[in-house]
Amino acid sequence: MNSIELVKQIENKRSFLCVGLDTDIDLIPSKFRLEKDPIFTFNKAVIDATHAYAVAYKPNIAFYEAMGPQGWESLQKTMEYVPKDVFTIADAKRGDIGNTALKYAQTFFDPQSSGLNFDSLTVAPYMGRDSVEPFLTYPDKWVILLALTSNVGSHDFQMTKSEDYMPLYERVMRTAMSWSSPEHLMFVVGATRSDFLQKVREIAPDHFFLVPGVGAQGGSLEDVAKYAMNSRVGLLVNSSRGILYAGDDTSVSAAREAKKIQEEMDRYLDEYRR
């Protein structure tokens, strides 16, 4: 999916909601555990309930890998079920060099090889350019680079300043922007770092940001829109637990929570888009 198609979907749905399919077998309602494939059946219910409000789905790959071959099968069935006009993100945070990186890219981008055909993949940039370039060789795919994350440990490295007083996260972003265009490169920017959102948007005015941390993690959707939205919106704001586990009747509760977020986003599209 290219940026024109992504922006068009945002406009049509009046939403920049990404639903995180971090599906935990221990947390889904008990009725789904009676199914032959509980994970896929639950995901299907979530997708049915939210696709009118969501412009992207983001499975966290760890939840599927942890279940072995059955988990990969559930993942593949889930991705085949996602409507074709919805953006898909493999949240795998891969990062390696050489043939290893090529195989990671093949895993998530080449349906002839693995059966998976994601639009994008999260990538860790800290091994440098040659750990990212193999993912950029797919012209119709996106790399979503970890930039400024929302976890407490982000201070350990991302805020470290070099001799020119530039924080490491900023150097990563500025360097990575020379590797590809805003049509193929996004950045992960945590919503809980609202004090940095304006700075990050100044660094990368034209790129899309994938923003986790809204809702259960305490991030403010209004702050994200106010400080990080650009003329193309430029945001995919993720919600996982707040939608997935909002109630025992998933079809009702997931739709209710997704609609609530979409309606708030609708207001901000008029108020903060610039």
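Computed from a predicted structure; not experimentally measured. (Residues numbered from 1 in each chain as written. Predicted model: local features only at pLDDT ≥ 70, side-chain atom pairs only at ≥ 80, totals over all residues. Heavy atoms only, no water.)

## Topic: the confidence of the model for the protein chain
Here is step 1: Taken residue by residue, the protein chain gives an average pLDDT of 90. The fraction at 70 or more is 91%.
Here is step 2: Throughout residues 151–159 the model reports pLDDT below 50, and contacts reaching past four residues in sequence, or to other chains, amount to 17 contacts. (pLDDT = per-residue confidence, 0-100. Contact = heavy atoms within 4.5 Å.)

## Quick word on the environment of Pro-125
Here is step 1: Counting through the fold element by element, Pro-125 comes out in the loop between strand E4 (120–123) and strand E5 (142–148).
Here is step 2: A relative accessible area of 5% means that Pro-125 is categorised as buried. (Helix = DSSP H or I, 4+ residues; strand = E, 2+ residues; numbered from the N terminus. Buried < 20%, exposed > 50% of the residue type's maximum accessible area, 1.4 Å probe, protein only.)

## Section: the side chain of Asp-91
Here is step 1: Examined against the element boundaries, Asp-91 turns out to sit in strand E3 (residues 87–94).
Here is step 2: Setting aside residues up to four positions removed in sequence, Asp-91 forms contacts with Lys-58, Pro-59, Asn-60, Ile-61 and Thr-122.

## Examining the pairing of E4
Here is step 1: Side chains of E4 alternate between two faces, with Ser-120 and Thr-122 and Leu-121 and Val-123 buried alike.
Here is step 2: Summarising the sheet, E3 and E4 pair through 3 bridges and their orientation is parallel. Residue Ile-89 lies in a different strand from E4, and its bridge partner there is Ser-120.
Here is step 3: Viewed along the sheet, the connection from E3 through helix H5 (residues 98–109) into E4 turns out right-handed. (Pairing = 2+ DSSP bridges. Right-handed = clockwise from strand over helix to strand, strands pointing away.)

## Brief notes about the nonpolar core
Here is step 1: Residues Leu-145, Phe-187, Phe-209, Leu-235 and Leu-236 are the most contacted members of the largest nonpolar core, which totals 87 residues.
Here is step 2: In terms of residue count, helix H11 (residues 250–272) provides more of this core than any other element does, 8 residues in total.
Here is step 3: When neighbours within four sequence positions are excluded, Phe-187 is seen to be in contact with Ile-144, Leu-145, Ala-147, Met-173, Ala-176, Met-177, Ala-204, His-207, Phe-208, Phe-209 and Leu-210. (Core = buried A, V, L, I, M, F, W, Y, C linked by side-chain atoms within 4.5 Å.)

## Details of the packing of aromatic side chains
Here is step 1: What the rule picks out here adds up to 10 aromatic pairs.
Here is step 2: Ring geometry for Phe-42 versus Tyr-245: centroids 6.1 Å apart, planes at 15°, classification stacked. Highlighted residues: Phe-42 in helix H2 (residues 38–50) and Tyr-245 in the loop between helix H10 (241–244) and H11, separated in sequence by 203 residues.
Here is step 3: Overall, Phe-42 belongs to the buried group, its relative accessible area being 0%.
Here is step 4: Measuring from centroid to centroid gives 6.0 Å for Tyr-169 and Phe-196, while their planes differ by 85°, and the two rings are edge-to-face. Of this pair, Tyr-169 sits in helix H7 (residues 168–176) while Phe-196 sits in helix H8 (residues 194–203), placing them 27 residues apart in sequence.
Here is step 5: Ring pairing ties together the aromatic residues Phe-32, Phe-42 and Tyr-245, which thus form one cluster.
Here is step 6: Note that Arg-201 overlies the ring of Phe-209, its terminal NZ or CZ placed 3.9 Å from the centroid.
Here is step 7: Note that Arg-267 overlies the ring of Tyr-268, its terminal NZ or CZ placed 5.8 Å from the centroid. (Phe/Tyr/Trp six-rings, centres within 6.5 Å; stacked < 30°, edge-to-face > 60°. Lys NZ or Arg CZ within 6 Å of the ring centre and 35° of its normal.)

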